Amino acid sequence: MALSAEKTSITYITDGFDFLGQNIRKYRDKLLIKPSRKSISNLLEKVREIIKSHKSSTAGGLILLLNPIIRGWANYHRHVVSGRVFARVDHAIWQAIWAWAVRRHPKKSKKWVRSKYFTTEGGNNWAFFGETYAGVRVLLFKATSLGIIRHIKVRQDLNPYDPAWKDYLVKRVAKSTPGSGWVPQGAF
């Protein structure tokens with residue numbers, strides 16, 4: 001195995017670097033990992049391309065195409081510092097969806113377009129919705145609706161097969177997944 005001279009670079013941690021779609025950089029005394037600009041632009045480019053290529057699609061059909069892409073990207077980045085990035089991504093997607101909806105009905109008012117394609121869901125007054133061909137109502141997934149989950153380090157001396165650690169494992173799992181009584185398979 002050898003390092004590629006074209007792909008290898010040495011930088012200061014204060015300048016940061018991109019790795020696996022995330023930007024790793026030290027700000028003053030804190031090391032922060034955020035979604036990289038390239039990752040964000042790739043997502044938005046893909047979403048805009050889908051919207052442009054499905055100009056005559058129904059709102060429900062468009063949502064079924066967009067939701068897996070947005071959800072997958074957000075799930076990948078939910079463990080890093082990404083709350084503000086999720087809000088910016090949601091806003092950019094909303095702008096593209098709004099342009100799609102207004103373009104479909106050039107002779108209708110914006111108030112009419114809003115009432116046709118957007119609804120109030122929870123605290124969100126601009127939830128994009130549609131119906132699938134089966135008549136099921138679907139909402140566009142928002143990255144901000146996904147909670148940020150911080151990784152909690154596992155204790156160094158943990159042995160999942162030792163019954164003495166059962167309480168620790170149960171408490172740890174209960175913190176990460178409320179309502180789950182999951183214990184590692186084979187433990188105890």
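**Student:** Summarise the overall build of the chain; cite the residues concerned and give the values.
**Tutor:** Secondary structure summary: the chain contains five helices and six strands in total. Along the chain, from the amino end to the carboxyl end, the secondary structure elements read β-β-β-α-α-α-α-β-β-β-α. Its C-alpha atoms give the chain principal-axis dimensions of roughly 70 × 50 × 35 Å. Every one of the 188 residues in the chain was classed for burial, and the buried ones make up 31%. Across the chain, the fraction of contacts at a sequence separation of at least 24, relative to all contacts at a separation of at least 6, is 48%. Surface accessibility of the chain: about 13400 Å² in total, with carbon and sulfur atoms responsible for 55%.

**Student:** Account for unusual backbone geometry, with residues named and values stated.
**Tutor:** Positive phi, normally seen in glycine, also occurs at Leu 20, with a value near 55°. By secondary structure assignment, the location of Leu 20 is in the loop between β1 (17-19) and β2 (22-27). On the basis of relative accessible area, Leu 20 is assigned to the exposed category, the value being 58%. Phi at Arg 28 is positive, roughly 50°, even though this residue is not glycine. Note that Arg 28 resides in the loop between β2 and β3 (30-35).

**Student:** Which residues make up the pattern of salt bridges, and what values do they have?
**Tutor:** Going through the model one piece at a time under the given rule, you end up with one salt bridge. The salt bridge involving Arg 155 is made with Asp 157; its shortest N-O contact spans 3.8 Å. For Asp 157, a relative accessible area of 48% puts it in the partly exposed group.

**Student:** Just give me the short version of the pairing of strand β5 (residues 124-131), but keep the residues and values in it.
**Tutor:** Here strand β4 (residues 118-121) runs beside β5; their pairing, made up of three bridges, is antiparallel. By the bridge assignment, Glu 121 is partnered in β5 with Asn 124. Following β4, the chain reverses through two residues before pairing antiparallel with β5; Gly 122 in that reversal takes a positive phi of roughly 65°. Both β5 and strand β6 (residues 137-139) contribute to a ladder of three bridges, which runs antiparallel. The partner of Phe 129 across the bridge, within β6, is Leu 139.

**Student:** Report on helix α2 (residues 59-77), specifying residues and quantitative values.
**Tutor:** Residues three or four positions apart in an α-helix share a direction because the helix packs 3.6 residues into each turn. Between its terminal C-alpha atoms α2 stretches 26 Å, which fits the 27 Å expected from 19 residues at 1.5 Å a residue. Along α2, the sharpest kink reaches roughly 30°, centred on Leu 66 and followed within four residues by the proline Pro 68. Looking at α2, one finds that the buried residues are Ala 59, Gly 60, Gly 61, Leu 62, Ile 63, Leu 66, Asn 67, Ile 70, Trp 73, Ala 74 and His 77.

**Student:** Would you mind going over the environment of Ile 97 in detail, with residue names and values included?
**Tutor:** The topology assignment puts Ile 97 in helix α3 (residues 83-104). Each C-alpha atom, one on Ile 97 and one on Ile 63, is 9.9 Å from the other, the two residues being 34 residues apart in sequence. With near-sequence residues (within four places) excluded, Ile 97 lies in contact with Ile 51, Leu 62, Leu 66, Phe 118, Phe 128 and Leu 140.

**Student:** I'd like to hear about the packing of α3 against helix α4 (residues 110-117), residue by residue, with values.
**Tutor:** Between α3 and α4, whose axes approach to 10 Å, the crossing angle comes to 115°. In terms of axis orientation, α3 runs roughly perpendicular to α4. Where α3 crosses over α4, the handedness of that crossing is right-handed. On the side of α3, the interface is formed by Trp 98, Trp 100, Ala 101, Val 102 and Arg 104, while α4 contributes Lys 110, Val 113, Arg 114 and Tyr 117.

**Student:** Give a detailed account of empty space enclosed by the protein, specifying residues and quantitative values.
**Tutor:** Using the criterion set out here, one finds one cavity of 30 Å³ or more in the structure. Considered as a void within the structure, the largest cavity measures approximately 90 Å³ in volume. Those elements that provide at least two residues to the lining of the largest cavity are α3 and β5. Element by element, the count of residues in the lining of the largest cavity is highest for β5, at four residues. When grouped by side-chain class, the residues that make up the lining of the largest cavity number seven nonpolar, one polar and two charged.

The rules behind the values
Residues numbered from 1 in each chain as written. Predicted model: local features only at pLDDT ≥ 70, side-chain atom pairs only at ≥ 80, totals over all residues. Heavy atoms only, no water. Helix = DSSP H or I, 4+ residues; strand = E, 2+ residues; numbered from the N terminus. Buried < 20%, exposed > 50% of the residue type's maximum accessible area, 1.4 Å probe, protein only. Contact = heavy atoms within 4.5 Å. Areas by Shrake-Rupley, 256 points an atom, 1.4 Å probe, with all protein chains shown as cover. Salt bridge = Lys/Arg side-chain N within 4 Å of Asp/Glu carboxyl O. Pairing = 2+ DSSP bridges. Expected span 1.5 Å × (residues − 1). Bend = angle between axes of the 7 residues up to and from the residue. Axes fitted to C-alpha atoms, helices over the stretch in contact; angles between N-to-C directions. Parallel < 35°, antiparallel > 145°, perpendicular 65-115°, else oblique. Left-handed = near helix turned anticlockwise from the far one by under 90°. 1 Å grid on protein atoms, 1.4 Å probe; cavity = no way out; pocket = protein on both sides within 12 Å on 5 of 7 lines; lining within 4 Å. Points joined across faces, edges and corners; volume = space filled by probe spheres on them. Nonpolar A, V, L, I, M, F, W, Y, C, P; charged D, E, K, R; others polar.

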